[in-house]
Structures are given as structure tokens and as C-alpha cells.
Amino acid sequence: MWFVEFYAPWCAHCKRLHPVWDQVGHSLSDSNLQIRVGKLDCTRFPAVANKLGIQGYPTITFFRNGHAIEYRGGREKEALVSFAKRCAAPIIETIKENQVEKVKLSARSQPSYIFFGHSSGPLFDAFNEAANAKFSVARFYTVAPSKEETNFRQRVVVLKDNVEIEFQEDIEALKDWVVRERWPTFVHATSSNLAELGASGKLVVLIVSSESQKFNTTSPVREFHKVAEDASKEMRKHSALWNRFQFAWLDGSDLASQIQMASVSEPHLFVFNYTSYEYYLSEDEPSQMTIKSIFTFLEQTAEGIDKGTIIAFGGRNLLTRMKRMIFELYWNIAQMFATQPLLSSCLFGVPIAFLSIICYSICSADFTVDRDEFYGDEALEDEEEETDTIETDDDHEKAE
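The present account deals with the structure reproduced in this document. (Residues numbered from 1 in each chain as written. Predicted model: local features only at pLDDT ≥ 70, side-chain atom pairs only at ≥ 80, totals over all residues. Heavy atoms only, no water.)

**Section: the packing of aromatic side chains**
And then number 1: Taken as a whole and judged by the stated rule, the model has 21 aromatic pairs.
And then number 2: Each ring, one from Phe 3 and one from Trp 21, has its centre 5.0 Å from the other, and the planes form 50 degrees; the classification is tilted. Taken together, the residues span a long stretch of sequence, with Phe 3 in strand β1 (residues 2-7) and Trp 21 in helix α1 (residues 12-30) at a distance of 18 residues. Across this residue pair, the class does not change: Phe 3 and Trp 21 are buried. (Phe/Tyr/Trp six-rings, centres within 6.5 Å; stacked < 30°, edge-to-face > 60°. Helix = DSSP H or I, 4+ residues; strand = E, 2+ residues; numbered from the N terminus. Buried < 20%, exposed > 50% of the residue type's maximum accessible area, 1.4 Å probe, protein only.)

**Some details on the sheet that holds strand β10 (residues 186-188)**
In a beta sheet, neighbouring strands pair by backbone hydrogen bonds and run either parallel or antiparallel.
And then number 1: The 6 strands lie next to each other as β10-β12-β11-β13-β14-β15, forming an open sheet whose pairing is mixed. On the outer flanks of this sheet lie β10 and β15 (313-314), each paired with one strand and no other.
And then number 2: In this structure, strand β13 (residues 268-273) lies alongside strand β14 (residues 278-281), joined through 4 bridges in antiparallel fashion. Looking at the pairing, Phe 270 lines up with Leu 281 of β14.
And then number 3: In the packing of helix α11 (residues 291-307) onto the sheet, contacts are made with β11 (203-209), β12 (245-251), β13 and β14, and the angle to β13 comes to roughly 25 degrees. (Pairing = 2+ DSSP bridges. Contact = heavy atoms within 4.5 Å. Axes fitted to C-alpha atoms, helices over the stretch in contact; angles between N-to-C directions.)

**Concerning a nonpolar patch on the surface**
And then number 1: The grouping of Phe 354, Leu 355, Ile 358 and Ile 362 at the surface amounts to a nonpolar patch, some 400 Å² of accessible area in total.
And then number 2: Within the secondary structure layout, Ile 362 lies in helix α13 (residues 341-364). (Patch = residues over 30% accessible without salt bridge, like charges linked within 9 Å, V, L, I, M, F, W, Y side chains within 5 Å. Areas by Shrake-Rupley, 256 points an atom, 1.4 Å probe, with all protein chains shown as cover. Salt bridge = Lys/Arg side-chain N within 4 Å of Asp/Glu carboxyl O.)

**Observations concerning the sheet that holds strand β9 (residues 163-166)**
And then number 1: Strand order in the open sheet formed by 5 strands is β5-β7-β6-β8-β9, with mixed pairing between adjacent strands. Single-partner strands in this sheet number two, and they are β5 (93-95) and β9. Mean inter-strand twist for the sheet, computed between neighbouring axes without regard to direction, equals 30 degrees.
And then number 2: Inspection of the sheet shows strand β8 (residues 155-160) paired to β9 by 4 bridges, in the antiparallel sense. Paired with Lys 160 across the bridge in β9 is Val 163.

**Concerning the packing of helix α12 (residues 318-339) against α13**
And then number 1: Orientation of α12 relative to α13, taken along the N-to-C sense of each, is 125 degrees, at an axis distance of 5 Å. By the angle between their axes, α12 is oblique relative to α13. Each of Ile 333, Met 336, Phe 337, Ala 338 and Thr 339 in α12 lies in contact with α13, whose residues at this interface are Pro 341, Ser 344, Ser 345, Leu 347 and Phe 348.
And then number 2: Residues belonging to the contact of α12 with α13 are distributed by class as follows: 7 nonpolar, 3 polar and no charged. (Parallel < 35°, antiparallel > 145°, perpendicular 65-115°, else oblique. Nonpolar A, V, L, I, M, F, W, Y, C, P; charged D, E, K, R; others polar.)

**A few points about the pairing of strand β4 (residues 67-70)**
Note on strand geometry: in a regular strand, side chains alternate between the two faces of the sheet.
And then number 1: As paired elements, strand β3 (residues 59-64) and β4 share 4 bridges and run antiparallel to each other. Bridge pairing in β4 links Phe 62 to Ile 69.
And then number 2: Once β3 ends, the chain turns through 2 residues before running back antiparallel as β4, passing Asn 65 with a positive phi of about 55 degrees.

**Considering the nonpolar core**
And then number 1: Within the largest apolar cluster, 22 residues are counted, with the highest numbers of intra-cluster contacts made by Ile 207, Phe 245, Phe 247 and Leu 298.
And then number 2: Contributing elements (two or more residues each) for this core: β11, α8 (220-234), α9 (239-242), β12, β13 and α11.
And then number 3: The leading source of residues in this core is α11, at 5 residues.
And then number 4: Sequence-distant contacts of Leu 298, defined by excluding residues within four places in its chain, comprise Val 205, Met 235, Leu 241, Phe 245, Phe 247 and Val 271. (Core = buried A, V, L, I, M, F, W, Y, C linked by side-chain atoms within 4.5 Å.)

**Looking at the packing of α1 against helix α3 (residues 77-88)**
And then number 1: Running from N to C, α1 and α3 cross one another at 45 degrees; their axes reach a closest spacing of 9 Å. Considering their axes alone, α1 and α3 lie oblique with respect to each other. The two elements α1 and α3 meet at a crossing, and its hand is right-handed. Within the contact between the two elements, α1 uses Leu 17, Val 20, Trp 21, Gln 23, Val 24, Ser 27 and Leu 28 and α3 uses Lys 77, Leu 80, Val 81, Ala 84 and Lys 85.
And then number 2: Class assignment for the residues of the contact of α1 with α3 results in 8 nonpolar, 2 polar and 2 charged. (Left-handed = near helix turned anticlockwise from the far one by under 90°.)

**Points about the side chain of Ser 200**
And then number 1: Examined against the element boundaries, Ser 200 turns out to sit in the loop between α7 (194-199) and β11.
And then number 2: A polar contact is formed between the side chain of Ser 200 and the backbone nitrogen of Lys 202, at a distance of 3.5 Å.
And then number 3: Residues in contact with Ser 200, not counting those within four places in the same chain, are Val 179, Arg 180 and Trp 183. (Polar contact = N/O pair within 3.5 Å; in protein donor to acceptor, adjacent residues only side chain to side chain.)

**Regarding α11**
And then number 1: Compared with an ideal rise of 1.5 Å per residue, which puts 17 residues at 24 Å, α11 spans 24 Å between its outermost C-alpha atoms and is within 8% of the ideal.
And then number 2: Three or more residues of α11 are buried, namely Ser 293, Ile 294, Phe 295, Phe 297, Leu 298, Thr 301, Ala 302 and Gly 304.
And then number 3: Its buried side turned inward, α11 meets β11, α8, α9, β12, β13 and β14.
And then number 4: Two residues or fewer past α11, Gly 308 is found with a positive phi of approximately 75 degrees. (Expected span 1.5 Å × (residues − 1).)

Structural data, given as C-alpha cells:
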């Protein structure tokens, strides 16, 4: 098994990842797993990059038994190592019933799926299919009944948020259920995992909060964050909303501002559809929202989408894409001046000053040409000779 980073030497993101990637290699080497860690310069081996369909840098891929599994999470060492260990582990691991409690502890940050019963039958076949498709993002286990237990009912559960949730739908829907349940109830959303959150088939309820304000007892951001977290837990009791929405929170307003193409302040709440890149806003102020008002807003949003009566902002049409490009350019420049004002002033000021000098020189230059400079002394002497000849002819005419 190989864990490979595909990079380009000129890529700034790749340069930032290199020291982290070295730490990933050392960590996986110390874990005694049969994983080799490497990196490949795509500018030196373009044929390999084209064969594997590498479109951007850096691209991180895990290779297992000839299958390529692309990594789409954050670039932290812990997240990369955890992904590699999940990909290297058995697709379905068999455990004993007394080990379930240990799995529950590890499932606090990453949901785990457990099949109880004999490894046969339609339910197990569906579970095995779902595990082969999603083993890189979650752990799958089986618990076989002991010989003394004769009435051991086959069932599938997911362990997350310190609770056990049983699958109770049709067997054909097990794979979709696994995708819907793969995230914690109130997950931290980033630019790296937002696409995967949207791929769950749910609308994402994004809470604009702040990590630094979560522990400030007097901060309105903390109060709203707590209300939203309680609403996400309470939503489990409302199956219609639970199957339609996924709660997530953002640390800071940068990503929310880029989605809405406007300055967003903390706290804030909006519903985001990653597939269409549309978002929906509530008329209530975040400071006045309660669990009930949040549920009312979600119910109205779901009903409005189904009937086509709700106003959606954003989108992926051509005009909106052009506006987004212009806004992102403005936003990036504004962030540069906000974080590094001196460096940004030099970066933009020096070229602008240089171009200003050139433009001033061109506009103030005198392009009038003196006749003597253009024709030279020889032309002036010829002109004087012609003048003398004309004067001589005039004198002859007078004499006659």
C-alpha cells in the first residue's frame, strides 16, 4: 500500500505541505503498518500524472490493491495519518461484543458502523457493499453471536455522538444511509470538507461562529453556538429534518463571506446547497433565534424548495460566476492588506509607482522636432544657396 503526494515545485501549497508530509511519513513508519509514503514531482514525470488523472496540486492519493483513493480532507498531520490508517485497515473488522464499548470511544470523532449477526444474508451483503465503497471515510465492524445465543437478530447500527442509531430502512437504502450518517451531528466545516458534506445529499446548515469565542461566557457568539448545537441534537427527533439537513459550524466568517459574496459577521446562520452553490437566509436575527425558530426556518426552507417558492441566492450561472471571481479577487487583496499591510504595499505599490513614472514620462515628453535637428547643416546650406540664386536673378532683371 502506498500513500503518495503528487506535487509541482512551483506550487506554494505543495511547499507548505512538504514538512507536514515528512512528519506523516515518520508517523506511519513508527506505526509498523505496511504503508509506504512517497511523493512524485509531476513536472518531471508528466506521463505518470496524466495516466493517473492528476488535475491539481497537491493531490494526495492512497493506493490499495490497485485502487486509488483520493484524499479530500484537511492538510493536518493527524487527519492525514488517520486517513491512511483507515485505508490500510481491514475493510470489515471482526470484533467481540465486549469490544463495542471501546469502539464507541473511538467513534466520538469519526462514526463507526457495526453489523450484528452471522455474516450472511441480504443485509450483510448490503453492509459489505457499503463498506467497500466507504471504508476510507469510516470504520466498519462485525460482531458475531456466541454459540450460546440462538436468537441473535441481524441489525446494523452507527455509533456517533455517544449514541447508537439503528438502521431501520429498506435494505436497498443501506448505502445511502451510511453516506447520510457518516458525519457527527455538529461537525466543524472547512473549505476542505465542505464538498464532502454536500455530497451526503443533505443541505448544510452553516453556523458562523468563532473558536476563540466558544469559551467566552459573555460573548453572543458563544450563546448562539450553544443554541445551534442544541438544535442539531434535538433535530434527531424530527426524522424529516434529520434526513434533509446537516448542521456544521465555521470558525470565522471568511468562507461564509466567499459563499455569499458579501461581508458576513459573527454570529450568523444560513442553509447552503453545495450542489447548486445556492444559499438561503433567515429573516430572524441570530441573537434572537431559539431552537424552535431554527426548526421553523428549516421547515419553511424545505417546503419552499420542494414547491419552488423560496428565494435562493448565489448559484452557478455565468453571471454569478463572474461576480464570484471579481469578489474573490477583491477579497484576497483585502485580506493581504489586512494581514500584511507593509508587504502588500510594497508588492502593489512598487509596480504601480514604476508604471506611473513611465506614463508621466510619456505624457510630458516634448515630441516637437526642430527643423535644424531634422534636416541637418547640409540642408541649411542648400537653402541659403537657393536664396542667393534668387536674389542674383532679381538683380539681373533690375539691371536690364
